[in-house]
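Residue strings, one per chain:
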Amino acid sequence: MRQSQTLIPTLKETPADAEIKSHQLLVRAGFIRQTASGVYSFLPMGNKVLKNVEKIVREEMEKAGAVEMLMPALQLSDLWKETGRWYTMGPELMRLNDRHEREFALGATHEEVVTSLIGDEVKSYKKLPLYVYQIQTKFRDEKRPRFGLLRGREFIMKDAYTFHTDQESLDEAYQKMYQAYSNIFTRCGLNFRAVIADSGAMGGKDTHEFMVLSEIGEDTIAYSDTSDFAANIEMAPVHVTYEQSDEAALDLEMVDTPGYKTMVEVSEFLGLPLEQGIKSLLFKVDERFVLVLSRGDHEINDIKLKNALAATNVELASEHETKQLLNTEVGSVGPIDVPEDIEVIADHAVSVIRNGYCGANKNDKHYRNVNPDRDFKVSSYQDLRFIQEGDPSPDGQGKIKFAKGIEVGHIFKLGQFYAEKLGAQYLNEQGKQATMTMGCYGIGVSRTLAAIVEQYHDDNGIKWPKEITPYHVHLIAVNPKNQEQQVLAEKIYEQLQENNISVLFDDRKERPGVKFADSDLIGLPVRITVGKKAAEGYVECKLRENGEQEDLHVSELIDKINSLLK
Ligand code: 9G3
């Protein structure tokens, strides 16, 4: 491709609203342009890398046995009403009416559409399992679109769905997709981890997120420093055996704690460590209230709380609700003498506290020498706290460390929820009607592209991995007015193409400095510069990866480049 014929509008300045490198560089290098908040155009170079990521995805989906299809973005509300998500999804689900006032959703995902479709077309166990996928535009009206392609309102997703007669067949599909995802992100050159995750509103049990490690990631991963254990911090189980202290239990005592509210303030005032504190938080769990206890230095994990109580919605009670129900301020809440209709549950660590302290359910009063079981009862001890760095890894190997991650993929064992709701049934081997079992598997394709740039760049611009790069070679004619240089450059341009080496030829009438700066920004792996030594048939070959460069005679160019691109 001749640069004088394509469109690569590079920018010198960094766009003000671009906070992270991938957003800044994709805009400056002329790959994307924002058309509305969270909505982007892919210019020719951006489109090329997008297609290269899609190519890897297609190859690996094919290998996993999935067949590609394409479903519509316009989805009749009827299907979403049958699964209930028309009502449970908030403003994030974009909706519109057609000219006949019929209600539609703009597809945020396709469980409804694909389950209805396959339920209509597949009637016999002989046709199962079936693995389908699409690469298609999704719409989600994010409250705060940010970080360029990482959190857009219109984005490209590969979403796959598998249909089965039983759990075993689903487990097999899940493993195949797990392997396909590992291959995809490995081929994209990404440093990623598959982490145990929470299935959220999707239900089902096993689910893994594929996280690219990055400081700007919005998710926190808890991983073992010696084994391959890794989990989203929302889900990371805590397997700590707390030893019972052998201290004698002292008599319960109420003390004045004027104005001391937080665990740290009370801990300092009483001269007792946080580990002896019992933090009590009132949560609203669906329509009831639950008092949740944790050790003073731990934090309650609301995802674990929701799963432990099999609740739909879990949130901290308001200050007002706390005062109403426990007639005390939030800072003086405690588990002793709690109204009967409020359940009290605690994290395991609370069970071994000896002579601890907690709120007295009276303003500015706390108890000390508090001993669980003697002074208060709990309905159950559960794993309710966030894992912390330094905790033993749940697999018993090594210690936990934290890292930030960008979620680029998420795979789910869905089960039968959607098939039940939408009547996706088949005739089983015994001639009986049975409900299909499903899995679903997503990759944020445009998000993956941004994650690659986050991992592959330097101060001068992007450094594309070989399988993703828009072109393999950037061919630069330093001085197009110089006949010898122009002739040699044209010759090399032809030769590269004849040898199936993709090349972007900078034949523009621009100063050399501009060409080199643009070349660093755009980030193609190999740069061939035709300059002063053109007369003797020599050109300069430079690697974007590490800046290594050497003079090469034209005759050795093809072999050299082929070996560099291996
Ligand atoms: C919505 C909106 C946002 C959503 C969803 C639905 C996330 C939604 C989860 C999934 C599950 C899987 C198929 C590919 C893999 C992921 N955000 N999810 O269902 F209406 Cl507005 O998308 N879907």
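Not measured: the values here are computed from a predicted model. (Residues numbered from 1 in each chain as written. Predicted model: local features only at pLDDT ≥ 70, side-chain atom pairs only at ≥ 80, totals over all residues. Heavy atoms only, no water.)

1. Topic: the overall build of the protein chain
Moving on, step 1. In terms of helices and strands, the protein chain carries 14 helices and 31 strands.
Moving on, step 2. Oriented by its inertia axes, the alpha-carbon framework of the protein chain measures out at about 95 × 65 × 50 Å.
Moving on, step 3. Looking at the protein chain as a whole, 52% of its 566 residues qualify as buried.
Moving on, step 4. Taking the contacts inside the protein chain whose residues are at least 6 apart along the sequence as the reference set, 69% of them involve residues at least 24 apart.
Moving on, step 5. Approximately 25700 Å² of the protein chain is accessible, and the part contributed by carbon and sulfur atoms is 49%.
Moving on, step 6. For the protein chain, the distance from the average site of its 67 positive side-chain charges to the average site of its 89 negative ones is 5 Å. (Helix = DSSP H or I, 4+ residues; strand = E, 2+ residues; numbered from the N terminus. Buried < 20%, exposed > 50% of the residue type's maximum accessible area, 1.4 Å probe, protein only. Contact = heavy atoms within 4.5 Å. Areas by Shrake-Rupley, 256 points an atom, 1.4 Å probe, with all protein chains shown as cover. Lys, Arg positive; Asp, Glu negative; His and termini not counted. Charge placed at Lys NZ, Arg CZ, Asp CG, Glu CD.)

2. Details of the site of the ligand
Moving on, step 1. Around the ligand, the structure places 17 residues, and the nearest of them are Arg85, Thr109, Glu111, Arg140 and Gly442.
Moving on, step 2. Within the side chain of Arg85, a nitrogen or oxygen atom sits 2.7 Å from an oxygen atom of the ligand.
Moving on, step 3. Here an oxygen atom of the ligand sits 2.9 Å away from a polar atom, N or O, in the side chain of Arg140.
Moving on, step 4. Relative to its free-state accessible area of 500 Å², the ligand is covered by the protein chains to the extent of 89%.
Moving on, step 5. Within the residue set of the shell around the ligand, elements represented by two or more residues are strand E8 (154–164) and strand E24 (437–444).
Moving on, step 6. Here the shell around the ligand is built from residues that sort into ten nonpolar, two polar and five charged. (Near = heavy atom within 4 Å. Polar contact = N/O pair within 3.5 Å; in protein donor to acceptor, adjacent residues only side chain to side chain. Nonpolar A, V, L, I, M, F, W, Y, C, P; charged D, E, K, R; others polar.)

3. What about the domain arrangement of the protein chain?
Moving on, step 1. Here the protein chain is partitioned into domain 1 (16–237 + 402–453), domain 2 (253–382) and domain 3 (473–565).
Moving on, step 2. A separation of 69 Å is found between the C-alpha centroids of domain 2 and domain 3. (Domains from an automatic or database assignment.)

4. With respect to the sheet that holds strand E6 (residues 103–106)
Note: strands within a sheet are paired through backbone hydrogen bonds, in either parallel or antiparallel orientation.
Moving on, step 1. Here we have three strands laid out as an open sheet, ordered E4-E6-E5, and antiparallel in their pairing. The open sheet terminates on both sides in strands that have one partner only, identified here as strand E4 (74–76) and strand E5 (95–97). Strand-to-strand twist across the sheet, computed as the mean angle between neighbouring axes with direction ignored, equals 40°.
Moving on, step 2. Across three bridges, E4 lies against E6 in antiparallel orientation. Counted as the bridge partner of Leu76 is Phe104 from E6. (Pairing = 2+ DSSP bridges. Axes fitted to C-alpha atoms, helices over the stretch in contact; angles between N-to-C directions.)

5. What about the packing of helix H1 (residues 21–28) against helix H11 (residues 445–455)?
Moving on, step 1. Orientation of H1 relative to H11, taken along the N-to-C sense of each, is 100°, at an axis distance of 8 Å. As far as their axial angle goes, H11 and H1 are roughly perpendicular. The residues of H11 that touch H1, namely those facing Lys21, Ser22, Leu25 and Leu26, are Ala450, Val453 and Glu454. (Parallel < 35°, antiparallel > 145°, perpendicular 65-115°, else oblique.)

6. Let's talk about the packing of aromatic side chains
What characterises a pair of aromatic rings is the spacing of the ring centres plus the angle enclosed by the ring planes.
Moving on, step 1. Under the criterion given, the structure shown has ten aromatic pairs.
Moving on, step 2. Aromatic side chains Tyr181 and Phe210 sit 5.2 Å apart centroid to centroid with 50° between the ring planes, which places their arrangement in the tilted category. Taken together, the residues Tyr181 in helix H6 (residues 167–187) and Phe210 in strand E10 (residues 207–213) connect sequence positions 29 residues apart.
Moving on, step 3. One aromatic cluster is present, formed by Tyr178, Tyr181, Phe185, Phe192 and Phe210 through successive ring pairs.
Moving on, step 4. The side chain of Arg193 reaches across the aromatic face of Tyr223, ending 5.6 Å from its centre.
Moving on, step 5. Over the face of the ring belonging to Tyr174 we find Lys413, whose NZ or CZ atom lies 4.9 Å from the ring centre. (Phe/Tyr/Trp six-rings, centres within 6.5 Å; stacked < 30°, edge-to-face > 60°. Lys NZ or Arg CZ within 6 Å of the ring centre and 35° of its normal.)

7. What about the side chain of Lys463?
Moving on, step 1. By the element assignment, Lys463 lies in the loop between strand E26 (461–462) and strand E27 (473–477).
Moving on, step 2. Although Lys463 is buried, it forms no salt bridge, and the closest oppositely charged side chain is Asp458 at an N-O distance of 4.4 Å.
Moving on, step 3. With near-sequence residues (within four places) excluded, Lys463 lies in contact with Tyr456, His457, Asp458, Gly523, Arg544 and Glu545. (Salt bridge = Lys/Arg side-chain N within 4 Å of Asp/Glu carboxyl O.)

8. Description of the sheet that holds strand E16 (residues 314–316)
Moving on, step 1. Strand order in the open sheet made by the five strands is E16-E14-E15-E17-E20, with mixed pairing throughout. A single partner strand is all that each edge strand has here, and the edge strands are E16 and strand E20 (380–382). Adjacent strand axes in the sheet meet at a mean angle of 35°, parallel and antiparallel pairs treated alike.
Moving on, step 2. In this sheet, strand E15 (residues 288–295) lies alongside strand E14 (residues 278–285) in antiparallel orientation, the contact comprising eight bridges. Residue Leu282 lies in a different strand from E15, and its bridge partner there is Leu291.
Moving on, step 3. Sheet contacts for helix H9 (residues 319–326): E14 and E15; angle to E14, the most-contacted strand, approximately 105°.

9. So, the nonpolar core
Moving on, step 1. In terms of nonpolar packing, the biggest core is built from 59 residues, with Phe31, Met61, Tyr181, Phe185, Tyr441 and Trp464 touching the most fellow members.
Moving on, step 2. No other element matches the eight residues that H6 contributes to this core.
Moving on, step 3. Structurally, this core is a two-domain feature, drawing no fewer than three residues from each of domain 1 (16–237 + 402–453) and domain 3 (473–565).
Moving on, step 4. One finds Trp80, Ala105, Leu422 and Met438 within the second-largest nonpolar core, a separate group that totals 27 residues. (Core = buried A, V, L, I, M, F, W, Y, C linked by side-chain atoms within 4.5 Å.)

10. Some words on the packing of helix H2 (residues 44–63) against H11
Moving on, step 1. Where H2 meets H11, the axes come as close as 10 Å, and the angle between the chain directions of the two elements is 110°. With respect to H11, the element H2 is oriented roughly perpendicular. Contact residues: H2 offers Gly46, Val49, Leu50, Val53 and Glu54, while H11 offers Val445, Ser446, Thr448, Leu449 and Ile452.
Moving on, step 2. Looking at the contact of H2 with H11 residue by residue, the class counts come to six nonpolar, three polar and one charged.

11. Side note on the pattern of salt bridges
Moving on, step 1. By the definition in use, this model includes 36 salt bridges.
Moving on, step 2. Measuring nitrogen to oxygen at the nearest pair gives 3.9 Å for the salt bridge that ties Asp507 to Arg2. A residue pair is termed long-range when its members are at least 10 positions apart, and Asp507 in the loop between strand E28 (503–506) and helix H13 (512–522) and Arg2 in the segment before H1 qualify at 505 residues. With respect to burial, Asp507 and Arg2 carry one shared label: buried.

12. What to know about the pairing of strand E31 (residues 549–553)
In regular strands, side chains alternate between the two faces of the sheet.
Moving on, step 1. As defined by bridge partners, strand E30 (residues 538–543) adjoins E31 across five bridges and the pair is classed as antiparallel. Bridge pairing links Lys542 to Gln549 in E31.
Moving on, step 2. In this antiparallel pair of consecutive strands, E30 and E31, the connection spans five residues, and Gly547 shows a positive phi of 75°.

13. Focus: the environment of His110
Moving on, step 1. Here His110 lies in the loop between E6 and helix H5 (111–121).
Moving on, step 2. Judged by relative accessible area, which is 0%, His110 ranks as buried.
Moving on, step 3. Sequence separation between His110 and Val408 is 298 residues; the distance between their C-alpha atoms is 18 Å.
Moving on, step 4. Among the polar contacts made by the side chain of His110, one reaches the main-chain carbonyl oxygen of Pro72 at a distance of 2.8 Å.
Moving on, step 5. Only 3.0 Å separates the side chain of His110 from the side chain of Gln75, close enough to count as a polar contact.

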